[in-house]
Amino acid sequence: MKTRRIPLPARAGFTFVEAMIAISLLAIMFLAVAQTSSRASDAFDEGSADHILSTSTHRTLERMAQAIEYSDATILAGLGYLGADQVTFRVPVDFVAGVVVSRSMQVLAEREPGELDDGQDNDGDGLVDELRVVEVVDLNTPDERRTVLLSGVSELFDGELANDADDNGNGLIDEAGLSFSSDGNVVTLRLSVQRRGEGGRVLSKTAETAVRLRN
Amino acid sequence: MKRLQSQRGDRRGSAAVVALVAVTVLVGLCGAMLMIASRSSSEGGSAVDRHQATAAAQAGLGEALAQAAAGNLAPIGSEDVPVPFGGGAYWVEVEPAEDGGSVLVSAYSEVRGERDALQALLTGGALDIYDHALFAGNSTDDPLYTMKLGGLGGQADQVTGDVYSGGSVLVEGDASVTGDIRAQDDVTGASGSEGVYQPIPDIGAMNYPTTADFKVADLFLTAQYKSNDLGGKAYQVAETSPAHIFRKNPSDRAANINATQKHDYFLEDPYEPVHTDQGSTGADACPITLSGISGEPGPNGNQKVYYIDGNLWIHNKSIFSFKIDHKEASGIQVTFVAKGNIYFSDNLFYDNPQMDGVAFIAMKDDGVVDSGNIYFGDPVFGTLEQMHAFMYAENNFIDNNLSATGSAQVAVYGNMTAGNQVQIQRDYGDQHSKLTVNYDGRISAGSLMMPGLPRANPDEGGQWTYRATRRIARP
């Protein structure tokens, strides 16, 4: 196969100005892409963190609700409209020869290790005076087991200030980030959780549920 | 073909690379966002399904408890054929608890792959043995056990009252049951409820050897071996003894007593005149009088529990019928407990059918294999035709009237109950001797107060009592 050579004008390269313009444009484009990528990455991380926070909050609330749903009426002692930041109760774990075998449980909010009740972020996690949710099984027995269900619980429930007033209008005064109250045999659980996300922004998640006691 | 060839060399731009990188990054980010959204949605969906599964299990449990309250505790659906509910399904299983006096009701559910399982404990028991005309607890869990009723025409079995079998129930021929039929397994030949569990009494908890008012074997330690018009020579006690209504090991019934492992006590009163009641109508029944009432000597023998460490017989070679004779306006109510077997070969009538009550309890003796049974019927002499009594065998109630010389028909006014099996064997060749059971509901209604009866649910007033619910492992 034959090829025919076509002669071109004598323009072998870019001028310096052309090169500079091209490089500048490319730099701007790279910068824009990098910035977009970074922002998108931050948004993704924040979205992920928010999703994880939301999931863990709801799962913790669901776990507590499931345990409480089949508790006996002892859980109602000390509750009522005033609420409390912990509940103690008994749940059936087995039926042996017609007898109900129960286990004592407690769910409470306690200060996170390294954190003090002083309005400061003592442990440097970006949260102030935060609490954690602890589940205690076989309370006050040699087999007692403690499980931390969730950390980063707000010191006060969403919308509440430490001012002896019901700021968020839910009927409770200065309630903690984890609180319980009852109306008849219905127990309401409230949970506010915080996390420091990427970039130092504090993410918050609040959830609330109610369970009717079955036993 | 000629092709133009550029002489500009490799002067390709970088825009394509930048665009590719940008697109890749954007695609990656979009993918990640989609993944988060998808996971979030999936998490939310799973949470909803979990809650729906819990609601379905609670619905199944609620349905079973409602049925239990109505006295019809039974499984609902099955794993293979569950009950559709709220986009998912549930089924309920009912099983006796280890103690035998309570049941475990387990509800299982599944909603779009999410499962839950709840279990409730019920105690008490919807019905007692005294709520039934026929009751067989099937305490040995014999999978083949079937309570059979049959016969044709005028010889067909007739039961008026409720029937329960811890196995199956078969009603064949022209047999009829006027009442509810409940069974743990199958009900065939009649309509009834299946999968029903009923508890049985705890005889051991009654502690009869200690709690009974009269320990007959002990009272016979002073017995004398004497002849009597009732037949042969036998051990007898003084008329002042509450145990004078028995004769022990009579010589004229050696064939009977030699066939048993323990001592044999025959319910017959050597201090009363002999009547035979040849017509088996009760008009001339041989009287038995309790001590201490109606002018009889000795301590009050009414409203008492008589405990016999041995076998108890209602059988005399010349007498067809017995009755406990008295002049008490409130009637007599006595319970006979035999640690051995009870053999019914003759009729027993009430002197006052409205007020009198007699209960027979056969309890097991761990040292004797053949114990705790009631043998009902006389295949040899055929003189059992009417029995007015409440009868409970801790082991088996064996209704045995096999031979052609047996009674053509037997009527029970009371009930026939057993912790294990009620074995109705009334066929012989092409013949069938008719069994009629007319349930006596006075105990159930509370109008007849019998002493020392074993109850399946002494405290629950005939109802299952809900105790607690727990979450169990998902299947």
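Structure shown above.
What counts and how
Residues numbered from 1 in each chain as written. Chains lettered and ligands numbered in written order. Predicted model: local features only at pLDDT ≥ 70, side-chain atom pairs only at ≥ 80, totals over all residues. Heavy atoms only, no water. Helix = DSSP H or I, 4+ residues; strand = E, 2+ residues; numbered from the N terminus. Buried < 20%, exposed > 50% of the residue type's maximum accessible area, 1.4 Å probe, protein only. Contact = heavy atoms within 4.5 Å. Pairing = 2+ DSSP bridges. Salt bridge = Lys/Arg side-chain N within 4 Å of Asp/Glu carboxyl O. Axes fitted to C-alpha atoms, helices over the stretch in contact; angles between N-to-C directions.

Considering the environment of Thr240 of chain B
All names here are of chain B.
Here is step 1: Relative to the elements of secondary structure, Thr240 occurs in the loop between strand E17 (233-236) and strand E18 (246-248).
Here is step 2: Accessibility expressed as a relative area gives 44% for Thr240, which makes it partly exposed.
Here is step 3: Measuring from C-alpha to C-alpha, the distance between Thr240 and Gly292 comes to 7.9 Å, with 52 residues separating the pair along the chain.
Here is step 4: Those residues in contact with Thr240, other than ones at most four positions away along the chain, are Ser291, Pro297, Gly298 and Pro299.

A closer look at the pairing of strand E16 (residues 224-227) of chain B
Here is step 1: Where E16 of chain B lies against E17 of chain B, 4 bridges are found, and the strand directions are antiparallel. If you follow Tyr225 of chain B over to E17 of chain B, its bridge partner there is Tyr235 of chain B.

A closer look at the pattern of salt bridges
Here is step 1: Using the criterion set out here, one finds 24 salt bridges over all chains in the structure.
Here is step 2: Glu110 of chain A serves as the salt-bridge partner of Arg132 of chain A, at 2.8 Å between the closest nitrogen and oxygen. Taken together, the residues span a long stretch of sequence, with Arg132 of chain A in strand E4 (residues 131-137) and Glu110 of chain A in strand E3 (residues 99-111) at a distance of 22 residues.
Here is step 3: Using a relative accessible area of 18% as the deciding quantity, one classes Glu110 of chain A as buried.
Here is step 4: Asp49 of chain B is the partner of Arg112 of chain B in a salt bridge, and the nearest nitrogen-oxygen pair spans 3.0 Å. Of this pair, Arg112 of chain B sits in the loop between strand E4 (102-111) and strand E5 (114-123) while Asp49 of chain B sits in helix H1 (residues 15-69); the two residues are 63 residues apart in sequence, bridging distant segments of the chain.
Here is step 5: Here the salt bridges share partners, and the residues they tie into one network are Arg247, Asp252, Arg253 and Glu268 of chain B.

Observations regarding unusual backbone geometry
All names here are of chain B.
Here is step 1: Phi is positive for Asn138, close to 55°, though the residue is something other than glycine.
Here is step 2: By secondary structure assignment, the location of Asn138 is in the loop between strand E6 (134-136) and strand E7 (146-149).
Here is step 3: The residue Asp277 is not glycine, and still its phi comes out positive at about 55°.
Here is step 4: Positionally, Asp277 belongs in the loop between strand E19 (264-267) and strand E20 (286-288).

What about the sheet that holds strand E3 (residues 88-96) of chain B?
All names here are of chain B.
Here is step 1: The strand order across the open sheet formed by 5 strands is E2-E3-E4-E5-E36, and the pairing between neighbours is antiparallel. Each of the sheet's edge strands pairs with one partner strand only, and the pair in question is strand E2 (83-85) and strand E36 (465-471). Neighbouring strand axes in the sheet, compared pairwise and without regard to direction, differ in orientation by 25° on average.
Here is step 2: Of the pairings in the sheet, the one linking E2 to E3 comprises 3 bridges and is antiparallel in character. Bridge assignment links Val83 to a residue of E3, and that residue is Tyr90.

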